[in-house]
Amino acid sequence: VLEFIYYSLGQQYSGPRFLRAMEGIYETNKNSAYFLSSYSFALELCGQYDKALATAERAIVLEEINPWAHHTLSHVYIKKGEITAGTKILEDYQHIWQESGQAINSHNYWHLALMYLEELDRDKAFSVLGSHILKDSPYLVIQQLDAISLLWRLEMAGFEVPYREWKNLADITAGNSKECYIPYMSAHYIYAQARAGNYEELTEALS
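Each value, and the rule that gives it
- Residues numbered from 1 in each chain as written.
- Predicted model: local features only at pLDDT ≥ 70, side-chain atom pairs only at ≥ 80, totals over all residues.
- Heavy atoms only, no water.
- Helix = DSSP H or I, 4+ residues; strand = E, 2+ residues; numbered from the N terminus.
- Buried < 20%, exposed > 50% of the residue type's maximum accessible area, 1.4 Å probe, protein only.
- Expected span 1.5 Å × (residues − 1).
- Contact = heavy atoms within 4.5 Å.
- Salt bridge = Lys/Arg side-chain N within 4 Å of Asp/Glu carboxyl O.

Enquirer: Which residues make up the environment of A157, and what values do they have?
Expert: Here A157 lies in the loop between α10 (141–156) and α11 (163–173). According to the relative accessible area criterion, A157 is partly exposed, its value standing at 35%. When the C-alpha atoms of A157 and A21 are compared, they prove to be 37 Å apart, with 136 residues separating the residues in sequence.

Enquirer: Which residues make up helix α6 (residues 67–79), and what are the values?
Expert: Compared with the 18 Å implied by 1.5 Å per residue over 13 residues, the 19 Å span of α6 between its first and last C-alpha is a close match. With respect to burial, α6 is a largely interior element, 10 of its 13 residues being buried. Every buried residue of α6 is accounted for by P67, A69, H70, H71, T72, L73, S74, H75, V76 and Y77. Those residues of α6 hidden inside the fold are in contact with α4 (33–45), α5 (49–62), α7 (83–97) and α8 (102–118). Downstream of α6 by a residue or two, G81 has a phi angle that is positive, lying close to 75°.

Enquirer: I'd like to hear about the pattern of salt bridges, residue by residue, with values.
Expert: Scanning the model with the defined rule gives 8 salt bridges in all. One salt bridge in this structure joins K80 and E82, with 3.8 Å as the shortest N-O distance. Judged by relative accessible area, E82 falls into the partly exposed class, the value being 34%. Note that R195 is salt-bridged to E155, the shortest N-O span being 2.6 Å. Pair noted here: R195 is in helix α12 (residues 183–196) and E155 is in helix α10, with a separation of 40 residues, a long-range link. Residue R195 is classed as partly exposed on the basis of its relative accessible area, which comes to 31%. Each of the salt bridges in this network shares a partner with another, and the network as a whole consists of D50, K80 and E82.

Encoded structure:
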């Protein structure tokens, strides 16, 4: 619940509040693998990378099938610039994500794609889109955002993204683009409509 509340409030901005809340219940929950995975992420948001890494690793020792702890690892390794090590660890855990929920499966694969992108491996990064992020339909919001974000990052890295990919995503997300939940989500949906040239949907979303 805390994870979702602080995500909605603005994850990075709310990191210190999130961490204080987790520290307040640490003693009662310190032997829970799933609590530790969330605690590790709060630590990462506050830049405490070494402690976040150690906490996530402890969570995995207690329960290996813990994709949210793997999620913390993806953040820590990319923030520290340890791309080769991070890529290997995520690849080693990917079999677990495939047995996990649709949302975290998609999102952890998105992080693996970002590792590939850090190495400027366009083909590997792009392949994650169809084979994992948009594998299961109907698509959850997190899958839609991950897909948009991945194409956006591919372009920022200097790679060409075929128009049909933007058009496909814009069509998938058209129904969500007019919803106003949090600015982070709106920005992604609006960008997809703009890149696809869906100007009617774009105008309505902006209004």
